[in-house]
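# A structural walkthrough
The residues making up each chain are set out below.
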Amino acid sequence: MQTSPAHAVHHGDREIETLEEFDAIVSARGTLSGFRVQAVDLTDRTRELLTTDTTGAVFLGCRMRPDAADKLRADGALVLPPVPGLPFDPYRGHLYAPDDLFASLDKGYEATPDALAYDWFRRTRTDGDIFASMLRAVHDDSMSDALDELLRGARVVGVMGGHAMARGTEEFRGAARLGRALTLAGFTVATGGGPGAMEAANLGAYAAPYDARMLEEACELLAVAPSFTPSVTDWARAAFEVRDRWPKGNHSIGIPTWFYGHEPPNAFASHIAKYFANATREDGLLARCNAGVVFLPGAAGTVQEVFDNATPNYYRSRGEPTPMVLVDREHWTERLPAWPLLRSLARGRSMEARIALVDRIEEAPEALKRLAG
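These notes cover the structure that comes with them. Note that the structure is a prediction, hence the values are computed from the model and not measured.

Cut-offs applied
- Residue numbers here run from 1 along each chain, matching the order of that chain's written sequence.
- Owing to the predicted nature of the model, reporting of local features is limited to residues with pLDDT of at least 70; listing and counting of side-chain atom pairs is limited to 80 or more, with chain, interface and lining totals taken over all residues.
- Based on all heavy atoms of the structure, the side-chain values leave hydrogens and waters out of the count.
- Strand pairing requires that DSSP identify at least two bridges connecting the strands.
- Helix and strand definitions follow DSSP, with helices as H or I runs of at least four residues and strands as E runs of at least two, each counted in order from the N terminus.
- Contact criterion: two residues are considered in contact whenever any of their non-hydrogen atoms come within 4.5 Å of each other.
- Only the stretch in contact is used when fitting a helix axis, every axis being a line fitted to C-alpha atoms; angles between N-to-C directions are given from 0 to 180 degrees.
- Think of it in three bands: residues with accessible area under 20% of the maximum for their type are buried, residues over 50% are exposed, and the middle band is partly exposed, with areas taken using a 1.4 Å probe on protein chains only.

This part takes up the sheet that holds strand 7 (residues 253-254). If you trace the 7 strands from one edge of the open sheet to the other, you get 8-7-6-5-9-10-11, paired in parallel fashion. Each edge of the open sheet carries a strand with a single partner, namely strand 8 (271-272) and strand 11 (355-358). Strand direction decides the pairing type here: strand 9 (residues 293-295) and strand 10 (residues 324-327), joined by 3 bridges, are parallel. Residue pairing in the sheet places F295 in a bridge with L326 of strand 10. Each of strand 5 (156-160), strand 6 (188-191) and strand 7 is contacted by helix 9 (residues 197-206), which is oriented at about 160° to strand 6, the strand it contacts most. Contacting strand 10 and strand 11, helix 15 (residues 338-346) crosses the sheet at an angle of about 155° to strand 11.

Most peptide bonds take the trans form, and the phi angle of most residues other than glycine is negative. Omega for the peptide link from T229 to P230 comes to 5°, which places this bond in the cis form. For P230, the location among the structural elements is in the loop between helix 10 (212-222) and helix 11 (232-245). One non-glycine residue, A39, lies in the positive phi region at around 55°. Residue position: A39 is located in the loop between strand 2 (36-38) and helix 3 (46-51). The partly exposed category is assigned to A39, whose relative accessible area is 25%. Unlike most non-glycine residues, D328 shows phi in positive territory, near 95°. With respect to the helices and strands, D328 occurs in the loop between strand 10 and helix 14 (329-335). Accessibility expressed as a relative area gives 22% for D328, which makes it partly exposed.

None of this, on its own, says anything about what the molecule does.
This is how it looks when you write it as structure tokens:
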């Protein structure tokens, strides 16, 4: 799912995000003029930098020798060097993988880049430092750019639900079966990237290349650590044990946030777009679910997502309304009666034919298909 050098050249893409792309562009075009080079280590490409036209190019967080940087600036290129001392790269060119965020898990979750980034976020967001807020904004924009590149042409279905859904429960297994069914139907599953229902759906997508028995066994293995409390370390290690046993999982998307840093990302989303700004993350997640969203039972966060999704469908601000399927009639009509309000909003509008309420999670894929026409 990554952009190849040939893809970049064919589509006139001006971004270079890997050393392979850099070499291909220099070889094929003989110029870097006007290109944007993002978070690529160029310390071994000094000769190419010194001999290639870089007029109007931009280098974002690229490591390079001082003489190369001096030459680029003399050419009129903009060079923004790496920022030292950060637990993340604000100019990152690709989404995270689980191994990126959970590196050093053997020393405990507190030592991982994910935990260190959350600690940095907590320290800097309280002091009003404009430099820190700029770094957060640049990082989040890099995430959005990478997400758009990855999902180009994909049919994305979102699965939303609460973080409190425990491993080992029938609800968790049902959400996992949903993720598997959607993936086998040709959709790319996207979730909020956290624990609970989100992890279950990403797990189901991961399990798609295997038979149904593998998914049941994986759920049993995960149940030894039902929740990310009291130990994120134990919770995450159980997930990596499943990944190690069945290493060839399918891809899916997780879009979590350090704003809710007490909730760790799950290890079953192959591509993770983690944001500092929750509002950017929420809107971006729902906006990219172009094939619809399934809403599993949840609390305040899931209710917010229902109506964040309903608003552009109501106004058709993103074009034709996309399908919305709410699962569990009792939950959405009695415990948290979002369904009656959603139905009232939709009445008489084009989105009326794009919403459904189903009793069981197994009904959701067929409901999505029906609503899509």
